[in-house]
Amino acid sequence: MTKEIKYEDLIGTFEQKQAIVKEFNLMDDGFFSEVMKDKSACEYILREITGIYDLKVMNVKTQYSIRNLNTHSVTLDVLAEDSKSKIYNIEVQKPNNDYHPKRIRYYQSNIDISYLEKGVKYENLPDIYLIYITAFDIFKLNDNYYSIKRTVNGYDKEVPNGIHEIYLNTAVKTDRPITPLMEYFKNTDMNISHFGALSDRIKQIKHTEEGVNAMSDAVRNFAKKYAADINADLTLQLKETEEKMKKEKQILESEKQVLETQKQSAIEKSEKLIKKMREMGMSDEQIKEITDN
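So, here's what we can say about the structure. From a predicted model like this one, the values you see are computed outputs, not experimental measurements.

Reading the values: the criteria
- Residues numbered from 1 in each chain as written.
- Predicted model: local features only at pLDDT ≥ 70, side-chain atom pairs only at ≥ 80, totals over all residues.
- Heavy atoms only, no water.
- Helix = DSSP H or I, 4+ residues; strand = E, 2+ residues; numbered from the N terminus.
- Buried < 20%, exposed > 50% of the residue type's maximum accessible area, 1.4 Å probe, protein only.
- Contact = heavy atoms within 4.5 Å.
- Pairing = 2+ DSSP bridges.
- Axes fitted to C-alpha atoms, helices over the stretch in contact; angles between N-to-C directions.
- Expected span 1.5 Å × (residues − 1).
- Core = buried A, V, L, I, M, F, W, Y, C linked by side-chain atoms within 4.5 Å.
- Salt bridge = Lys/Arg side-chain N within 4 Å of Asp/Glu carboxyl O.
- Polar contact = N/O pair within 3.5 Å; in protein donor to acceptor, adjacent residues only side chain to side chain.

Quick look at the overall build of the protein chain
1) Next: Counting its secondary structure elements, the protein chain contains eight helices and six strands.
2) Next: Listed N to C, the secondary structure of the protein chain is α-α-α-β-β-β-α-β-β-β-α-α-α-α in terms of helices and strands.
3) Next: For the protein chain, with 293 residues in total, the buried portion stands at 35%.
4) Next: Once local pairs closer than 6 in sequence are excluded, the contacts in the protein chain between residues at least 24 apart make up 62%.

Description of unusual backbone geometry
1) Next: Residue Lys140 is not a glycine yet carries a positive backbone phi of 55°.
2) Next: Examined against the element boundaries, Lys140 turns out to sit in the loop between strand 4 (128–134) and strand 5 (145–148).
3) Next: One non-glycine residue with positive phi stands out, namely Asn142, at about 55°.
4) Next: With respect to the element layout, Asn142 can be found in the loop between strand 4 and strand 5.

Here's the deal with the sheet that holds strand 2 (residues 74–82)
1) Next: Pairing in this open sheet of six strands is mixed, and the strands run 1-2-3-4-6-5 from one edge to the other. Strands at the two margins of the open sheet, each flanked by one partner only, are strand 1 (57–66) and strand 5. Looking at each pair of strands side by side, their axes are set apart by 20° on average, direction ignored.
2) Next: Two strands pair when backbone bridges link them, and strand 5 and strand 6 (residues 163–169) are joined in this way by four bridges, in the antiparallel orientation. Bridge pairing links Tyr145 to Leu168 in strand 6.
3) Next: Relative to the sheet, helix 4 (residues 100–115) contacts strand 1, strand 2, strand 3 (87–93), strand 4 and strand 6, its axis offset from that of strand 2 by approximately 60°.

Structural notes on helix 4
1) Next: The end-to-end C-alpha separation of helix 4 is 23 Å, in line with the 22 Å expected for 16 residues at 1.5 Å each.
2) Next: Buried within helix 4 are the following residues: His100, Ile104, Tyr107, Gln108, Asn110, Ile111 and Asp112.

Describing the nonpolar core
1) Next: Counting 40 residues, the largest nonpolar core has Ile133, Phe185 and Leu198 as the members making the most contacts within it.
2) Next: Examining the composition of this core, we find that six residues originate from one element, helix 3 (residues 39–50), more than from any other.
3) Next: Beyond its immediate stretch of four places on either side in the chain, Phe185 contacts Asn25, Leu26, Met27, Phe32, Ile45, Val92, Ile133 and Thr170.

Some words on the side chain of Ser199
1) Next: Here Ser199 shows up in helix 6 (residues 196–207).
2) Next: In this structure Ser199 comes out as buried when scored by relative accessible area, which is 3%.
3) Next: Apart from the residues lying within four places of it in its own chain, the contact partners of Ser199 are Tyr184, Ile192, Ser193 and His194.

Section: the pattern of salt bridges
Opposite charge on two side chains permits pairing when their charged atoms draw close.
1) Next: Applying the stated criterion across every chain, the model contains eight salt bridges.
2) Next: The partner of Lys37 in a salt bridge is Glu34, with the nearest N and O atoms 3.0 Å apart.
3) Next: Judged by its relative accessible area of 48%, Lys37 falls in the partly exposed class.
4) Next: A relative accessible area of 8% places Glu34 in the buried class.
5) Next: Between Glu43 and Arg47 there is a salt bridge, with its nearest N and O atoms 3.4 Å apart. Here the residue Glu43 and the residue Arg47 both occupy positions in helix 3, the gap between them amounting to four residues, near one helical turn.
6) Next: It is possible to trace a salt-bridge network through shared partners that takes in Glu34, Lys37 and Arg201.

Observations concerning the environment of Asp77
1) Next: Structurally, Asp77 can be placed in strand 2.
2) Next: When the C-alpha positions of Asp77 and Lys61 are compared, they lie 8.2 Å apart, and in sequence the two are 16 residues distant.
3) Next: If we ignore the near neighbours within four places in the chain, the residues touching Asp77 are Asp29, Phe32, Ser33, Lys61, Thr62, Gln63, Ile90, Glu91 and Val92.
4) Next: Separated by 3.0 Å, the side chain of Asp77 and the backbone nitrogen of Val92 make a polar contact.

Worth remembering: the numbers are spatial, not functional.
Quick look at the structure:
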């Protein structure tokens, strides 16, 4: 977008809200999530990125939260499932302020856990496509499409673990077929119509009153949810800190008790030694001389 969008900007007449909504592009979290609620638009993007042109999206979740009690929770931009039970996670990322490959690794582990019920064999884990679209060239190799495969070192053998990682960006122009779509992510004009169901969805959101109002509501809800997620994470961190301090206090109390026991034991041993020396006929001066040394 060309300017910062404020919460209060999305409250007003249709024309005022439409002027704001027109500024959004597919690299904006809230807008991207609203677009992807449409299965046909999501399907179009996934087909173009994966090259699986018979892919059929059956279910889409946007801004999908996976809550973890004792570890970092995650919110996924898009989580979709196709007719063959394959899973697709799509993330858009504008700022380069994180270690992105490890972020994707963590997202993948959370998705796997959420799809593997107790007692189910690991072979039943669905294939997962991790699609990460950034506004910068993540690997700095002057390309806009990177497909990651895990292979056996020294052999042309792929590890069949069902994980497919695809990194794309809008920063580099190449002659790859995916480049026009990446340009559209950056310049999401509602008058551009050659991206099939995706263009239809963009026009519906940016041009119709229903779409503009839905987008305005979505952004407000996104802001509220983001604030709630931050609050939940802070509450969890506070709880974890309190539990940690409680455990540390218990450890200190335990160590203090051990020291007190050792001290008492040393006193008792000293008293027994002094008593024994007196029984042997030693004077207090002799005992003092020995114990002082």
